[in-house]
Amino acid sequence: MTDNEQPAVAGLLLAAGGGRRLGGRPKALLPHRGRPLVEYAVGVLRAAGCTRVHVVLGAASDAVRERAELGDCVLVENPDWTEGMGSSLRAGLGSLAGTGTRGALVSLVDQPGIGPEAVRRVLGAFRDESSLVSAAYDGVRGHPVLLGSAHWAGVVATATGDRGARAYLKAHEETITLVECGDVARPYDIDTAADLVHLQ
């Protein structure tokens, strides 16, 4: 791939959360396998084949930049991160506009049970700008989600609070390609102190 070529699909990691239910510990900086969780999550996207990765930062973003090795990721600042995941999704998709990228593979920093194999499966279902793809766990839609660029404006218009793309995906349910990943990943979230048991 030359400098002028863009990958068809970019990884978009939402990592701005302040960990309100974790006593205000930013999720991006939670330790996992000896490194900050955001670094691990970027590694998953890279291992799955995402050569371009945009990371949306918010809570403690200066500390995240300082402590995490995020290499040649594009770091996107979300000044409105306290409004919830919707604002991060809007910021991330905005950062991809005009890059020539045809799809965004959206993953969440607080789901370390979803590894490269699940991400690879979702990426493999991309066809063109109209693609809407979601991982499924025993038939239930989850993350990661692949949003073809034809859908970005619609997602941005409906992404509010902590809902992310949920409203848009619900309205376009019949066009979503579900990719079963329950055999290779576990979609738990690191939301509360009790969930920290999942970190290594």
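The structure we're discussing is the one just above.
Summarised in this report is the structure supplied together with it. (Residues numbered from 1 in each chain as written. Predicted model: local features only at pLDDT ≥ 70, side-chain atom pairs only at ≥ 80, totals over all residues. Heavy atoms only, no water.)

Description of the overall build of the protein chain
In plain terms, the rule: Numbering of helices and strands runs from the N terminus, with a helix taken as a DSSP run of H or I at least four residues long and a strand as a DSSP run of E at least two residues long. Partly exposed describes any residue whose relative accessible area lies between the buried limit of under 20% and the exposed limit of over 50%, with all areas from a 1.4 Å probe on protein chains only and scaled to the type maximum. Each accessible area is a Shrake-Rupley result for a 1.4 Å probe, and residues are judged covered by the shown protein chains and nothing else. The positive count covers Lys and Arg only, the negative count covers Asp and Glu only, and His and the chain ends enter neither. The atoms used to mark charge sites are NZ of Lys, CZ of Arg, CG of Asp and CD of Glu.
Each helix and strand counted, the protein chain has 6 helices and 9 strands in total. Principal-axis analysis of the C-alpha atoms gives the protein chain an extent of 40 × 40 × 30 Å. Out of the 200 residues in the protein chain, the part that is buried amounts to 52%. Roughly 9100 Å² of accessible area belongs to the protein chain as shown, and the carbon and sulfur atoms make up 50% of that amount. Taking the average place of the 20 positive charges on the side chains of the protein chain and the average place of its 23 negative ones, the gap between the two points comes to 3 Å.

Considering the pairing of strand β6 (residues 103-108)
Which entries qualify depends on this criterion: Pairing between two strands requires that DSSP report at least two bridges joining them.
Among the 6 residues of β6, 6 are classified as buried, and the element is accordingly described as predominantly covered. Judged by which residues are buried, β6 turns out to be covered on both faces: Gly 103, Leu 105 and Ser 107 on one side and Ala 104, Val 106 and Leu 108 on the other are all buried. With 6 bridges joining them, strand β1 (residues 9-15) and β6 adopt parallel strand pairing. Within the sheet, the bridge partner assigned to Leu 14 lies in β6 and is Leu 108. When β6 meets strand β8 (residues 140-148), the two strands line up antiparallel, connected through 4 bridges. Among the inter-strand pairings, Leu 105 is bridged to a residue of β8, identified as Leu 146.

Notes on the pattern of salt bridges
Two side chains with opposite charge may pair up if their charged atoms get near one another. Selection criterion: We count a salt bridge whenever a side-chain nitrogen from Lys or Arg sits within 4 Å of a carboxyl oxygen from Asp or Glu.
In total, this model carries 12 salt bridges according to the counting rule given. Connected through shared salt-bridge partners, Arg 21, Lys 27, Asp 110 and Asp 191 make up one network.

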